[in-house]
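# Coordinates in review
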Amino acid sequence: MTKIGVLTSGGDAPGMNAAIRAVVRTAIYNGYQVVGIRRGYAGLLGGEFIPLELGSVADIIHRGGTILRTARSDEFRSPAGQARAQQNLGDAGITGLIVIGGDGSLQGAEALWQRGVPTIVVPATIDNDMAGTELTIGFDTAVNTAVSAIDRIRDTATSHERTYIIEVMGRLAGHIAAAAGLAAGAESIVVPEARVSNREICERLERGFRRGKRHSIIVVSEGAGSGYEISEYIRACTGQEPRVTVLGYIQRGGSPTANDRILASRMGYFAVELLRQSRGGLMVGIQKGKILSLPMSEVAGRPHALEPDLLQLSQILSI
Ligand code: ADP
Ligand code: F6P
């Protein structure tokens, strides 16, 4: 009987549990055994293996985080660490591995694939910063969490006639800021991919003020700078007293949206199908609504370009 392993790695993302569930149920449906590897590559090195049955993944589709836990491992980055990981998989009789995680996790999976371990990656990170897929698991939930937080902040922004700056996550990418900013009707969106100068932000605020706008929402991606720095600049150039909110880890937790659960279910299922076809070295992706696979070597370490239309549209609509 074929035995496959599954692990979650790197930053957690809402929908990882739904992906684990899809992997386990699809594999067992096809007569495979499934081994859960706890704490990502760290657990792979430490031999933290647990059998997963149908019931092991009951009641998790709606839960944020990951039941397998997640971790980062420097030891796994070394050839010696990867050799030991391969050895541990072999000792446990695991013939295929599904890695649920972001770009770093994908690079780790590729290293295992280069050593001959059939490995498939299911892309999961709130940042949506992986090449080859229009969406990663967790992004939709994070955007919805950010939008509902900004909606609440807007209530107080309107009441007090103030400018509010909301800093969102996204490491080096502005996908969360662009999507949440557009959906929340932000006046300015500041992302690393399309830098807006502080001067421009001030000019937009002053233009709005001249035509009677008494409150503003500015969404900043953490990769583009600090909300507090922008606040200081606005204070100096307009005399306003902006308020800053850093949303932080609130964006990474919580129950996944229906869209993330559906994406995770489709991707987890497809990952097992690829192993069933004796394939490896692939990342699952979604493009134009279709689930597909791409060679890891083509996507590893590459950026996912931000759609410039979103930023332009946001500027037009918040004139
Ligand atoms: P994410 O998958 O969310 O991007 P990280 O970048 O922290 O998260 O990567 C998760 C883990 O993947 C790292 O702790 C490390 O063990 C492994 N990893 C990351 N990059 C590489 C690499 N270039 N080669 C081998 N393993 C890597
Ligand atoms: O999961 C992605 C992310 O949320 C980034 O946006 C952020 O920079 C990073 O993880 C921080 O995570 P940690 O503190 O776990 O390293």
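The coordinates are above.
Definitions and limits used
Residues numbered from 1 in each chain as written. Chains lettered and ligands numbered in written order. Predicted model: local features only at pLDDT ≥ 70, side-chain atom pairs only at ≥ 80, totals over all residues. Heavy atoms only, no water. Salt bridge = Lys/Arg side-chain N within 4 Å of Asp/Glu carboxyl O. Helix = DSSP H or I, 4+ residues; strand = E, 2+ residues; numbered from the N terminus. Buried < 20%, exposed > 50% of the residue type's maximum accessible area, 1.4 Å probe, protein only. Near = heavy atom within 4 Å. Polar contact = N/O pair within 3.5 Å; in protein donor to acceptor, adjacent residues only side chain to side chain. Areas by Shrake-Rupley, 256 points an atom, 1.4 Å probe, with all protein chains shown as cover. Axes fitted to C-alpha atoms, helices over the stretch in contact; angles between N-to-C directions. Parallel < 35°, antiparallel > 145°, perpendicular 65-115°, else oblique. Left-handed = near helix turned anticlockwise from the far one by under 90°. Contact = heavy atoms within 4.5 Å. Nonpolar A, V, L, I, M, F, W, Y, C, P; charged D, E, K, R; others polar. Pairing = 2+ DSSP bridges. Right-handed = clockwise from strand over helix to strand, strands pointing away. 1 Å grid on protein atoms, 1.4 Å probe; cavity = no way out; pocket = protein on both sides within 12 Å on 5 of 7 lines; lining within 4 Å. Points joined across faces, edges and corners; volume = space filled by probe spheres on them. Domains from an automatic or database assignment.

### A look at the pattern of salt bridges
One pass over the full model with this rule turns up eleven salt bridges. E203 is the partner of R199 in a salt bridge, and the nearest nitrogen-oxygen pair spans 3.3 Å. Of this pair, R199 and E203 both sit in helix 7 (residues 198-210), four residues apart, which is roughly one turn of the helix. Note on R199: relative accessible area 37%, which makes it partly exposed. Judged by its relative accessible area of 37%, E203 is partly exposed. Among the ionic pairs, R235 bridges to E232, the shortest N-O distance being 3.6 Å. Separated by three residues within a single helix, R235 and E232 lie in helix 8 (residues 227-238), roughly one turn from each other. We classify R235 as partly exposed; its relative accessible area is 29%. Here E232 falls in the partly exposed class, since its relative accessible area comes to 47%.

### Concerning the site of ligand 2
Around ligand 2 lies a shell formed by R72, I126, D127, M169, G170, R171, E222, Y249 and R252. In this structure, R171 approaches ligand 2 through a main-chain N or O atom, which is 3.3 Å from an oxygen atom. In this structure, R252 approaches ligand 2 through a side-chain N or O atom, which is 2.8 Å from an oxygen atom. Relative to its unbound accessible surface of 400 Å², ligand 2 loses 77% to contact with the protein.

### Concerning the packing of helix 7 against helix 8
Following both chains from N to C, one finds helix 7 and helix 8 inclined at 55°, their axes separated by 10 Å at the closest point. With respect to each other, helix 7 and helix 8 are oriented oblique. Handedness of the crossing formed by helix 7 with helix 8: right-handed. Residues N198, R199, I201, C202, L205 and E206 of helix 7 lie in contact with helix 8, whose contacting residues are I230, Y233, I234, C237 and T238. Taken together, the residues of the contact of helix 7 with helix 8 sort by class into seven nonpolar, two polar and two charged.

### Some thoughts on the pairing of strand 2 (residues 33-37)
Burial runs high along strand 2: four of the five residues are buried. Two strands pair when backbone bridges link them, and strand 1 (residues 3-8) and strand 2 are joined in this way by five bridges, in the parallel orientation. Within the sheet, the bridge partner assigned to V6 lies in strand 2 and is G36. Read from strand 1 through helix 1 (residues 16-29) to strand 2, the crossover connection turns out right-handed. Alignment of strand 2 against strand 3 (residues 49-52), held across four bridges, turns out to be antiparallel. Along strand 3, the bridge assignment pairs V35 with P51.

### Some thoughts on the side chain of S216
Tracing the backbone through its elements, the reader meets S216 in strand 8 (residues 216-221). Here S216 falls in the buried class, since its relative accessible area comes to 5%. What S216 contacts, discounting residues up to four positions off in sequence, is R162, T163, Y164, E187 and L205.

### Regarding the sheet that holds strand 7 (residues 188-190)
On the basis of which strands lie adjacent, the open sheet formed by four strands has the order 7-8-6-9 and parallel pairing. This sheet does not close on itself; its edge strands, each paired only once, are strand 7 and strand 9 (243-246). Each strand axis lies, on average, 15° off the axis of its neighbour in the sheet, ignoring direction. Pairing between strand 7 and strand 8: three bridges, direction parallel. Looking at strand 8, one finds that S188 is bridged to I218.

### Some points on the layout of surface pockets
Considered as a void within the structure, the largest pocket measures approximately 930 Å³ in volume. In this structure, the largest pocket is lined by 39 residues; those nearest its centre are G102, D103, G104, S105 and R171. It is helix 4 (residues 103-114) that contributes the most residues to the lining of the largest pocket, six residues altogether. Grouping the amino acids of the lining of the largest pocket by side-chain chemistry returns 13 nonpolar, 14 polar and twelve charged. Both of domain 1 (3-138 + 256-299) and domain 2 (140-252) provide at least three residues apiece to the lining of the largest pocket.

### Some thoughts on the sheet that holds strand 1
Taken in spatial order, the seven strands of this open sheet run 3-2-1-4-5-10-11, and their pairing is mixed. Looking along the sheet, the strands with just one partner apiece sit at the ends: strand 3 and strand 11 (290-295). Across this sheet, the average inter-strand angle for adjacent strands is 30°, counted without regard to direction. The sheet contact formed by strand 5 (residues 119-123) and strand 10 (residues 282-287) spans two bridges and is parallel. When the sheet's bridge partners are listed, I120 is paired in strand 10 with L282. Docked against the sheet, helix 4 engages strand 4 (96-101), strand 5 and strand 10, running at close to 170° with respect to strand 5.

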